[in-house]
Amino acid sequence: MMKIYKYIILSCVFAFAMASCNDWLDVNTDPDAPNNESALVASRLPWIQKFWLYTSGPTNYRASLAAGHYYSSGANNFQLCATWDLQAGTTTTSYQTWFVGVAGHLNDLYNKAEKEGAYHYMAMANIFHAMGFMHMLDLYSEMPYTEALSSSPVPSYDEGKVIFYGCMDKLDEAIALLGKTQEQGATYLSAGDMWNGGNVSQWIKLCNGLKARFAIKLSKKADLFDPAAILDYISKGPQSNAENILAPCFNSASDATDYLWGDPIMTNGNWDYVAYGSTQRVSQFLMDMLTNMRGSGVTDPRMSKIVPATMSNIKLGSDGRVQSYEWLRSKAVDFYGPSTRLLAGGANSIQQATFAHQTERINYTIANAAAREAFIADQQGNRPYEVNGDVVTVTYLPGSLYVNSPNYLYAGDTVYVNLRQNSTLTGNGSLGPMDMNWYYTTQAMNAGAVGSTGSFQTRPNSDQDILTYYEMCFIKAEVYLRQGNSAMALAAYKDGIQAHMNRMQTKLTEWRAAGYTNPDMWPMDAAEITAYLNSAAVCQNAGELTMADIMLQKYIAMGCSVETWNDMRRFNYSAGNVGSFGVVYPGYDRGPLFAGQAKLTGTSKTDPRYWQRRWRLPDNLELNYNRINAIEVNTRALDIDIWSYPVWWDCATDQEYQGYIGK
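By convention here, each chain's residues receive numbers from 1 onward along its written sequence. Only residues with pLDDT of at least 70 are given local features in this predicted model, and only at 80 or more are side-chain atom pairs given and counted; all residues enter the totals for whole chains, interfaces and linings. Remark: hydrogens and water are excluded; side-chain values derive from all non-hydrogen atoms of the structure.

> Even after reading the chapter, I still don't get the sheet that holds strand E9 (residues 360-365), so can you show me in this structure?
Backbone-to-backbone hydrogen bonds join strands into a sheet, with any given pair of strands oriented parallel or antiparallel. DSSP-based pairing: two strands are paired if at least 2 bridges between them are found. Put simply, DSSP marks the helices as runs of H or I at least four residues long and the strands as runs of E at least two long, and each gets a number from the N terminus on. What the 3 strands build is an open sheet, ordered E9-E11-E10; its pairing is antiparallel. Two strands bound the open sheet, and with one partner strand each, they are E9 and strand E10 (385-388). Taking the axes of each pair of neighbouring strands and ignoring which way they run, one obtains an average angle of 20° across the sheet. Relative to strand E11 (residues 391-396), E10 runs antiparallel, the two being bridged by 4 bridges. What sits directly across from Glu-386, in E11, is Thr-393. Contacts are assigned to residue pairs that have any heavy atoms within 4.5 Å of one another. Axes here mean lines fitted to C-alpha atoms, for a helix over just the part in contact, with angles spanning 0 to 180 degrees between N-to-C directions. In the packing of helix H14 (residues 369-379) onto the sheet, the strands contacted are E9, E10 and E11, and the crossing angle to E11 comes to about 20°.

Right under this line is the structure:
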């Protein structure tokens, strides 16, 4: 099945590659008619790297919804966070972009490189194989694997254990290939490597870091979990922020859209899902960590760089331009606590505000007297209003933010700032690449009224994390705490927080120096960083360090990442029944809008099937066309409640796993 797609997509990839401004792609024998035989290894790799961002983007975003990082009012996606009534429509993109955009080209890259003795490109095929299929295991568990990239239109399925160790083997082979001297005349890795510029040492560090990331997933398996091996992998991975593996992304005026999806080709993959549209917002669960970690009441200096802001209390000058304003930091959306706003209006009812470029009057009919009085109180001193029986008429003066709806429940939604950012190709082209702010309307943009300042990790020009030093620090801290070495765990935990602060500060400093005027893209106050690191928000005593301390700081640092959802599954969310670590993610639970009883059948937090554990296979791909093989390996693959079945690494034993899949 994947082979059928492969050659169709390859021609498309190289067709739109011709429009790119990058020099990587001008290497085909006939640039006007590229084909599978003429495409060189140096032209394949950058597009594999690019399409990996399209694979990881939806995975990171939707896994982050399940992990409570974001709220979405978008179709299907709100059901991953607010209701847990999980929908098949959320599961296809990651699968499709992986197999079509990346996996379908790996054999060709490997074989072409092998013919010329380009061992380092062979290693690239193995590395992306490992990253991608581990993603598939994390999401779906049983998958076509050993036959996935063969010529079979209905490849057989493999269990999770086979996929896991297959990926580890690919990394070992990649390390060996990277250690070899390429044959004379073989293409230099630097000719096609957009991530590390051909630095072989960096790729070896990535392989070892990935092995640590993969191996920590086995923490529930007493017979397979190997702390010493993980620490060894970490010692060979990134040792500082200078060795982070990042995918550089750009918001260039010369950007072009790709042939397959019509999206800008130089931008961040997480932006493409989190901040392309206007339905995503920060969750209360994340906000609580940023403002009250460890019950300290201390605000994290990273908060204003992660949580977006909008201009409010705008006053317009005679020229219609913003003359004065105040920054309003977004209120977080609560979907797991009291959830007052969502219970009143519905799980996906948060409305998008807009900008009044002229006077607007809205009539609100409010029959309930108490609700009407509360609504009137909110208007007093803020904007003109009139009351006529049950009807409250509010006047929004030019420059005001308002929700264009007569439903009074929505009127206050101006406080929920979306995460949207614009690239040069998605709305702000006339303002140039230095302005990525989102504006409510064209009139708002002309007035200079910023609707959203965006978030650090999900801007079009934010570098996309592939593997970082601070992730290694937090894994190290977890391993040491499991070993009972709290002193070493505390040091690694603090190193991780400091490293993430430093990484952010370095990028923010670069943005400020480049001339960006968005204050959320400027450096944090150094004194505030120091104060935070020495505050009660950060554990200062090895004897008091908990697993929750480590994992919640890792949660902030990893941001939009599938690894956060992987971690939450390893610790059974907030069940508190893993080892002696207690509750690792306090407060996270099914919210009052929960509607997923048919899919998540567990009745208590200590029941594994109480939680989101995996994704159902895509109906329109595997379950429609390859269902016989799917059912053969997992008799419950078609069941509506498959979402609650743990993946292989999420089970303590193979016997437990076999029981879930009906073996």
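> Teacher, can you tell me more about the packing of helix H16 (residues 469-483) against helix H17 (residues 486-514) here?
Packed helix pairs are characterised by how far apart their axes lie and by the angle those axes make with each other. Closest axis-to-axis distance for the H16/H17 pair is 8 Å, and the angle between their directions is 165°. Between H16 and H17, the angle is such that the two are roughly antiparallel. Remark: the crossing between H16 and H17 carries left-handed chirality. Here Tyr-469, Tyr-470, Cys-473, Phe-474, Lys-476, Ala-477, Tyr-480 and Leu-481 of H16 come into contact with H17, specifically with Ser-486, Met-488, Ala-489, Ala-492, Tyr-493, Asp-495, Gly-496, Ile-497, Ala-499, His-500 and Arg-503. Only Asp, Glu, Lys and Arg are considered charged in this grouping, and only Ala, Val, Leu, Ile, Met, Phe, Trp, Tyr, Cys and Pro are considered nonpolar; every other residue, Gly among them, is considered polar. Taken together, the residues of the contact of H16 with H17 sort by class into 13 nonpolar, 3 polar and 3 charged. Note that the term roughly parallel is reserved for angles under 35 degrees, roughly antiparallel for angles over 145, roughly perpendicular for angles of 65 to 115, and oblique for everything else. A crossing counts as left-handed when the near helix is turned anticlockwise from the far one by less than a right angle, and as right-handed when that turn is clockwise.

> What is the right way to look at the layout of surface pockets in this model?
Rolled over the atoms, a probe sized like a water molecule indicates the empty space that remains. With a 1 Å grid spanning the protein atoms alone, the term cavity applies to any set of points in which a 1.4 Å probe fits but cannot get out, the term pocket to an open set with protein on both sides within 12 Å along at least five of seven lines, and the term lining residue to any residue with an atom within 4 Å of a point. Grid points are joined across faces, edges and corners, and a volume is the space filled by probe spheres set on the points. Quantified by volume, the largest pocket comes out at close to 1100 Å³. Along the walls of the largest pocket sit 41 residues, with Arg-383, Ala-411, Gly-412, Thr-414 and Val-415 positioned nearest its centre. Elements supplying a minimum of two residues to the lining of the largest pocket: strand E6 (309-316), strand E7 (322-329), helix H13 (340-345) and H14. For the lining of the largest pocket, a count of residues per class yields 22 nonpolar, 11 polar and 8 charged. Here the second largest pocket defines a volume of roughly 340 Å³. Lining the second largest pocket are 18 residues, and of these Asn-461, Asp-463, Lys-507, Glu-510 and Trp-511 sit closest to its centre. Taken together, the elements giving at least two residues each to the lining of the second largest pocket come down to strand E4 (245-247) and H17. Ranked by residues supplied to the lining of the second largest pocket, first place goes to H17 with 6 residues. Here the lining of the second largest pocket is built from residues that sort into 7 nonpolar, 7 polar and 4 charged.

> Any chance you could explain the pattern of salt bridges here in plain terms?
Once the charged atoms of two side chains with opposite charge are near each other, the side chains can pair. By convention in these notes, a salt bridge is any Lys or Arg side-chain nitrogen within 4 Å of a carboxyl oxygen on Asp or Glu. Under the criterion given, the structure shown has 27 salt bridges. We note a salt bridge from Lys-599 to Asp-85, for which the minimum N-O separation is 3.0 Å. Taken together, the positions of Lys-599 in the loop between helix H20 (562-570) and helix H21 (619-625) and Asp-85 in the loop between helix H3 (78-83) and helix H4 (92-102) put the pair 514 residues apart, joining distant regions of the chain. Relative accessibility decides the category of a residue: with a 1.4 Å probe and only protein chains considered, values under 20% of the type maximum give buried, values over 50% give exposed, and everything between is partly exposed. Classification of Lys-599 by relative accessible area gives buried; the value is 10%. What makes Asp-85 partly exposed here is its relative accessible area of 23%. Among the charged side chains, a salt-bridge network with shared partners connects Asp-138, Arg-213, Lys-217, Glu-471 and Glu-563.

> What's the story with the environment of Leu-621 in this structure? I'm lost.
By secondary structure assignment, the location of Leu-621 is in helix H21. For Leu-621, a relative accessible area of 9% gives the class buried.

> Where do I start with empty space enclosed by the protein in this structure?
Enumeration according to the criterion identifies 8 cavities of 30 Å³ or more in this entry. For the largest cavity, the calculated volume is near 290 Å³. Elements represented by at least two residues in the lining of the largest cavity include exactly helix H2 (41-66), helix H6 (119-140), helix H8 (200-215), strand E15 (464-467), H16, helix H19 (547-558) and H20. In the lining of the largest cavity, the residues fall into 12 nonpolar, 8 polar and 6 charged. In this structure, the second largest cavity is lined by 15 residues; those nearest its centre are Ile-306, Gln-457, His-500, Ile-556 and Gly-559. Contributing elements (two or more residues each) for the lining of the second largest cavity: H17 and H19. The element that contributes the greatest number of residues to the lining of the second largest cavity is H17, accounting for 3 residues. The residue inventory of the lining of the second largest cavity, partitioned by class, reads 8 nonpolar, 5 polar and 2 charged.

> Would you take a moment to explain H2 for this structure?
Because an α-helix completes one turn every 3.6 residues, residues spaced three or four positions apart along the sequence face the same direction. Here a helix's expected span is defined as the number of its residues, less one, multiplied by 1.5 Å. With 26 residues, H2 should cover 38 Å at 1.5 Å per step; its first-to-last C-alpha distance of 37 Å lies within 8% of that length. Of all 26 residues that make up H2, 26 are buried, and the element is covered over most of its length. Backbone geometry just after H2 places Gly-68 at a positive phi near 80°.

> How do you make sense of H16 when you look at a structure like this?
Here H16 spans 21 Å end to end across 15 residues, near enough to the 21 Å set by a 1.5 Å rise per residue. Counted residue by residue, H16 has 12 buried out of 15 residues, so it is predominantly covered. Of the residues making up H16, those classed as buried are Tyr-469, Tyr-470, Glu-471, Met-472, Cys-473, Phe-474, Ile-475, Ala-477, Glu-478, Val-479, Tyr-480 and Leu-481. Where H16 is buried, its residues meet H8, helix H9 (227-235), E15, H17, H19 and H20. The positive-phi residue at the C-terminal boundary of H16 is Gly-484, with phi of around 85°.

> Hey, could you run me through the packing of H17 against helix H18 (residues 526-533) in this one?
Relative orientation of the contacting elements H17 and H18 amounts to 165°, with a least axis distance of 11 Å. Judged on the interaxial angle alone, H18 and H17 are roughly antiparallel. The chirality of how H17 crosses H18 is right-handed. Across from Ile-497, Gln-498, Met-501 and Gln-505 in H17, the residues of H18 making contact are Ile-529, Tyr-532 and Leu-533. Along the lines of polarity and charge, the residues of the contact of H17 with H18 split into 5 nonpolar, 2 polar and no charged.

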